[in-house]
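Given next are the chains, with one letter for each unit.
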Amino acid sequence: MNEALGTLESTSVALEYFPERFPTLIEQFRQNYRQLPRILTEQQLTEADRRWFLETVGWEEKE
């Protein structure tokens, strides 16, 4: 699994164990979330699966 994808998945758990790291963990999550289409490509998902996933999680490109 891609490290960035794993970080996205584990952020909520990390926040429970390390609430003092909230700003850092949230910033890391946001950085990885902005790159989600690239991360999914690296996971070798098909274009259809990438589109489905991005739509399902409500991903929107932000500046």
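For the structure itself, look to the data block above.
Attention in this report is confined to the structure presented alongside it.

Each value, and the rule that gives it
Residues numbered from 1 in each chain as written. Predicted model: local features only at pLDDT ≥ 70, side-chain atom pairs only at ≥ 80, totals over all residues. Heavy atoms only, no water. Salt bridge = Lys/Arg side-chain N within 4 Å of Asp/Glu carboxyl O. Helix = DSSP H or I, 4+ residues; strand = E, 2+ residues; numbered from the N terminus. Buried < 20%, exposed > 50% of the residue type's maximum accessible area, 1.4 Å probe, protein only. Expected span 1.5 Å × (residues − 1). Arc of directions from axis to C-beta. Contact = heavy atoms within 4.5 Å. Phe/Tyr/Trp six-rings, centres within 6.5 Å; stacked < 30°, edge-to-face > 60°. Lys NZ or Arg CZ within 6 Å of the ring centre and 35° of its normal.

Focus: the pattern of salt bridges
One pass over the full model with this rule turns up four salt bridges. In this structure, the salt-bridge partner of R50 is E47, at a minimum N-O distance of 2.5 Å. With R50 and E47 both in helix α4 (residues 47-56) and three residues apart, this pair spans about one turn of that helix. Under the relative-accessibility criterion, R50 is labelled buried at 15%. On the accessibility criterion, E47 (41% relative accessible area) is partly exposed. Through salt bridges with shared partners, a single ionic network connects E47, R50 and R51.

Examining helix α2 (residues 22-34)
Here α2 contains 13 residues, and its C-alpha end-to-end distance of 18 Å stays within 8% of the 18 Å for a straight helix at 1.5 Å per residue. All of the buried residues in α2 are L25, I26 and N32. All buried residues of α2 lie within an arc of 130 degrees about the axis, which places them on one face of the element. Those residues of α2 that are buried lie in contact with α1 (3-17) and α3 (36-42).

A look at the packing of aromatic side chains
Across all of its chains, the model carries one aromatic pair by this definition. Ring geometry for F29 and Y33: centres 5.8 Å apart, planes at 15 degrees, overall stacked. Of this pair, F29 and Y33 both sit in helix α2, four residues apart, which is roughly one turn of the helix. Judged by relative accessible area, which is 27%, F29 ranks as partly exposed. In this structure, R21 packs its charged tip against the face of F18, placed 5.6 Å from the ring centre.

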